[in-house]
Amino acid sequence: AIVLSSNLALPAQAQDWSYDLTSYLWFPKSETAVDTPRGTATTELSAGDALDNLDAGLMLSATARNGKWSLIGDLLYMDVDGDAPTPFGVAFSKVEGSTKLLSGSAYGLYRVAETPDYALDLGIGLRAMRSELVLDFLPGALPSETVKVTDSWVDPLIGLRYTATLADRWTANLALDYGGFGIGSASDKTWQAVGTVGYHLNERWTLVGGYRHLKVERESDGVPYELKMSGPMLGATMRF
């Protein structure tokens, strides 16, 4: 994500590099939709069940700042399972799905506006992703079937980040990115929104909480599919 460290805006004249490292947990509601020969199959995992169904996860974000420039990186790995009633009547009893997602994002942002109360950064970035969607249709009137979509790609992005000082020790961040544009093997469309509030315990540590939404629409080997993940997140940021 391009806003996990909700630190107070640095003075425009500052020229020394500063660094933030954020470790966070994301509890998303996950929805997948895959076109199959029998129609569109969907699975859904609620945010409340995300922790119970999270088989593995790694979530880190890092920021380097110097004056008006920011370099941001985000690493996300999730392996979650879910199930849903079959979309094909009595043909199958239900569908079980698993989603493995590895995402690495990098952004370069430039501060275009700043006051003592807010700052606005604009820039560009890339998001490299690898996804594995597996849908297991359990036997009903028909025997079991499995649909698997494995895909990897890189999406170009445009992004912005808005940071505001709410009160003493409190700041808020809103970050948006949009991209894909169907360029080469990139997604037809992808976008992300992250809103966070940070409480600064001291100059080094900040507690962060908020909400994140990620959506990807693309096609793999002629199979259209859609992935949506949205839910609350909690983390802690350390400034160097």
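Residues numbered from 1 in each chain as written. Predicted model: local features only at pLDDT ≥ 70, side-chain atom pairs only at ≥ 80, totals over all residues. Heavy atoms only, no water.

## What to know about the confidence of the model for the protein chain
In this model, the protein chain carries a mean pLDDT of 85, and residues with pLDDT of at least 70 account for 84%. Within the model, pLDDT remains below 50 along residues 6–14, and this stretch shows 34 contacts once partners closer than five positions in the same chain are excluded. (pLDDT = per-residue confidence, 0-100. Contact = heavy atoms within 4.5 Å.)

## Some details on the nonpolar core
Core analysis: the largest hydrophobic core is formed by 26 residues, its most contacted members being Trp26, Val34, Leu76, Met78, Leu101, Leu135 and Phe137. The set of elements that each furnish at least two residues to this core consists of strand E1 (18–26), strand E5 (69–85), strand E6 (92–114), strand E7 (118–139), strand E8 (145–167), strand E11 (205–220) and strand E12 (223–239). Residue contacts for Val34: discarding those within four places in its chain leaves Gly39, Thr40, Ala41, Leu133, Leu135, Val147, Val149, Val223, Pro224 and Tyr225. (Core = buried A, V, L, I, M, F, W, Y, C linked by side-chain atoms within 4.5 Å. Buried < 20%, exposed > 50% of the residue type's maximum accessible area, 1.4 Å probe, protein only. Helix = DSSP H or I, 4+ residues; strand = E, 2+ residues; numbered from the N terminus.)

## A word on the packing of aromatic side chains
If you walk through the whole model with that rule in mind, you get five aromatic pairs. Look at Trp170 and Tyr199: their rings are 4.9 Å apart centre to centre, the planes differ by 50°, and that puts the pair in the tilted class. Linking Trp170 in strand E9 (residues 170–179) with Tyr199 in strand E10 (residues 189–200), this pair joins segments that are 29 residues apart in sequence. Classification of Tyr199 as partly exposed rests on a relative accessible area of 27%. Cation over ring: Arg212 sits above Trp26, and NZ or CZ is 4.7 Å from the ring centre. Sitting over the face of the ring of Trp153, Arg218 holds its NZ or CZ atom 4.1 Å from the ring centroid. (Phe/Tyr/Trp six-rings, centres within 6.5 Å; stacked < 30°, edge-to-face > 60°. Lys NZ or Arg CZ within 6 Å of the ring centre and 35° of its normal.)

## Here we look at the environment of Thr146
Tracing the backbone through its elements, the reader meets Thr146 in strand E8. Leave out the neighbours within four places in its chain, and Thr146 touches Val134, Leu135 and Asp136. Within the structure, Thr146 has its side chain in polar contact with the side chain of Asp136 (distance 2.8 Å). (Polar contact = N/O pair within 3.5 Å; in protein donor to acceptor, adjacent residues only side chain to side chain.)

## Quick word on the pattern of salt bridges
Per the stated rule, a full pass over the model turns up ten salt bridges. With a closest N to O distance of 3.3 Å, Arg239 and Asp20 form a salt bridge. Taken together, the residues Arg239 in strand E12 and Asp20 in strand E1 connect sequence positions 219 residues apart. Residue classification places Arg239 among the buried residues on the basis of a relative accessible area of 17%. (Salt bridge = Lys/Arg side-chain N within 4 Å of Asp/Glu carboxyl O.)

## Description of the pairing of E9
Relative to E9, E8 is paired through ten bridges, and the arrangement is antiparallel. Bridging across to E9, Ile158 finds its partner in Tyr178. With antiparallel pairing between neighbouring strands as the criterion, E8 and E9 make up a hairpin whose turn holds two residues, including Arg169 at a positive phi of roughly 75°. Strand direction decides the pairing type here: E9 and E10, joined by ten bridges, are antiparallel. Bridged to Leu176 within E10 is Ala193. (Pairing = 2+ DSSP bridges.)

## Remarks on the side chain of Thr206
Looking at the element boundaries, Thr206 is found in strand E11. A distance of 2.9 Å separates the side chain of Thr206 from the side chain of His200, its partner in a polar contact.

## Observations regarding unusual backbone geometry
Phi is positive for Arg169, close to 75°, though the residue is something other than glycine. For Arg169, the location among the structural elements is in the loop between E8 and E9. Residue Arg169 is classed as partly exposed on the basis of its relative accessible area of 36%. For Phe181, which is not a glycine, the phi torsion comes out positive at approximately 60°. On the secondary structure map, Phe181 appears in the loop between E9 and E10.

## Considerations on a negative patch on the surface
Residues Asp35, Asp188, Glu219 and Asp221 make up a contiguous surface patch of negative charge. Structurally, the position occupied by Glu219 is in strand E11. (Patch = residues over 30% accessible without salt bridge, like charges linked within 9 Å, V, L, I, M, F, W, Y side chains within 5 Å. Areas by Shrake-Rupley, 256 points an atom, 1.4 Å probe, with all protein chains shown as cover. Lys, Arg positive; Asp, Glu negative; His and termini not counted. Charge placed at Lys NZ, Arg CZ, Asp CG, Glu CD.)

## Quick notes on a nonpolar patch on the surface
Taken together, the side chains of Trp17, Tyr19, Leu21, Leu58, Leu60, Leu71, Leu75, Leu102 and Phe240 present a nonpolar region at the surface, about 810 Å² in accessible area. Position of Leu60 relative to the elements: it lies in strand E4 (residues 54–66). Accessibility expressed as a relative area gives 32% for Leu60, which makes it partly exposed.

## What about the environment of Val134?
Here Val134 is to be found in strand E7. With relative accessibility at 13%, the residue Val134 sits in the buried group. Put simply, Val134 and Thr99 are 35 residues apart on the chain and 6.7 Å apart in space, counted from C-alpha to C-alpha. Ignoring any residue separated from it by four or fewer positions in sequence, one finds Val134 in contact with Glu96, Gly97, Ser98, Thr146, Val147 and Lys148.

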